[in-house]
Amino acid sequence: MRVPGQVLQALKDYFVDNPTFSSASEAYKEIALTHLTHENWDAVSQALSGTEGWDKMMDLDLSFLGVNLGSVPNVRAILSFPWTWAAMGLFLIPLVSALLSWLSMTVSTKMNPTTATAGDQAQSMTKSMNLMMPVMSVVFCFMMPAAMGIYWIANSVFGMVRDFTLTRIYKRQLDKEDAERIA
């Protein structure tokens, strides 16, 4: 949040009685702290206005399309009623990430097929990776903040576009050069 350590300590002291903050996992406490600060910006800024370095504090909103990207997706949120966009979005991020990961690897494999010289072991390794990577994506997305899943989604989409575009452009050029060489 671009603030000195004493401001972070003052924020932690301010939220020490908040059950949301105290139940956050140790690895993501600063993300939870940032989210709580945003939700309670007026009260926090009033309470900590005398702390040195507070004026440099930024009000960071971690939400994207109504989903808090600092939250860790969980299955319990989708099982509770009523469903909200945020709960559904958090649940869908890992699934979309896995689907696009699989699709990205499939597009990459189709665009760059293995040659006949590749052994059976290499082909079976590729097939197992095409299945295991999306599964790992789901598992990791349910363990980390939602921003990681969004990153993997964007990476898969950009990778598919890159593979598709560059393969088409360079394949034509290579085919043209091969035709000239043969002639």
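Refer to the preceding data block for the structure.
This report concerns the structure included in the present document. Only a predicted model underlies this, so the values are computations on that prediction, with no experimental measurement involved.

Reading the values: the criteria
- Within each chain, residue numbers correspond to sequence positions counted from 1 in written order.
- Thresholds applied to this predicted model are a pLDDT of at least 70 for local features of residues and 80 or more for the giving and counting of side-chain atom pairs; totals over whole chains, interfaces and linings are not thresholded and use all residues.
- Excluded from the side-chain calculations are hydrogens and water; all other atoms, namely the structure's heavy atoms, are used.
- Joining through side-chain atoms within 4.5 Å is the link that ties buried Ala, Val, Leu, Ile, Met, Phe, Trp, Tyr and Cys residues into a set, and such a set is a nonpolar core.
- Type-normalised accessible area, obtained with a 1.4 Å probe on protein chains alone, sets the label of each residue: buried when under 20%, exposed when over 50%, and partly exposed for intermediate values.
- Each helix is a run of DSSP H or I of at least 4 residues and each strand a run of E of at least 2, with the numbering of both proceeding from the N terminus.
- Any carboxyl oxygen of Asp or Glu that lies within 4 Å of a side-chain nitrogen of Lys or Arg is treated as forming a salt bridge with it.
- By the convention used here, residues are in contact when the closest approach between their heavy atoms is within 4.5 Å.
- Exposure above 30% relative accessible area and the absence of a salt bridge qualify a residue for a patch, where like charges join within 9 Å and nonpolar side chains (Val, Leu, Ile, Met, Phe, Trp, Tyr) within 5 Å.
- Residue burial considers only the protein chains on display, and all accessible areas are found by Shrake-Rupley using a 1.4 Å probe.

1. Some words on the nonpolar core
Thinking step 1. Residues V3, V7, L8, A10, L11, F15, L33, L36, V44, L48, W54 and M57 constitute the largest nonpolar core, which totals 12 residues.
Thinking step 2. Elements with a minimum of two residues in this core: α1 (5-14) and α3 (29-39).
Thinking step 3. In terms of residue count, α1 provides more of this core than any other element does, 4 residues in total.
Thinking step 4. Listed in part, the 8 residues of the second largest apolar core include L90, I93, A146 and I153.

2. So, the pattern of salt bridges
Thinking step 1. A full pass over the atoms with the stated rule returns 2 salt bridges.
Thinking step 2. Here R162 and D163 are joined by a salt bridge, their closest N and O atoms 3.5 Å apart.
Thinking step 3. The partner of R181 in a salt bridge is D178, with the nearest N and O atoms 3.2 Å apart. In this pair, R181 and D178 both sit in helix α8 (residues 146-182), 3 residues apart, roughly one turn of the helix.
Thinking step 4. Note on D178: relative accessible area 33%, which makes it partly exposed.

3. Considering the side chain of T167
Thinking step 1. When you line up the elements, T167 lands in helix α8.
Thinking step 2. With residues near it in sequence (within four places) discarded, T167 still touches M111, N112 and R162.

4. Comments concerning a nonpolar patch on the surface
Thinking step 1. A cluster of nonpolar side chains, contributed by M125, M129, M132, M133, V135, M136, V139, F140 and M143, occupies part of the molecular surface with about 790 Å² of accessible area.
Thinking step 2. When you line up the elements, M129 lands in helix α7 (residues 120-141).

So, to be careful, I would describe these as geometric facts and stop short of saying anything about function.
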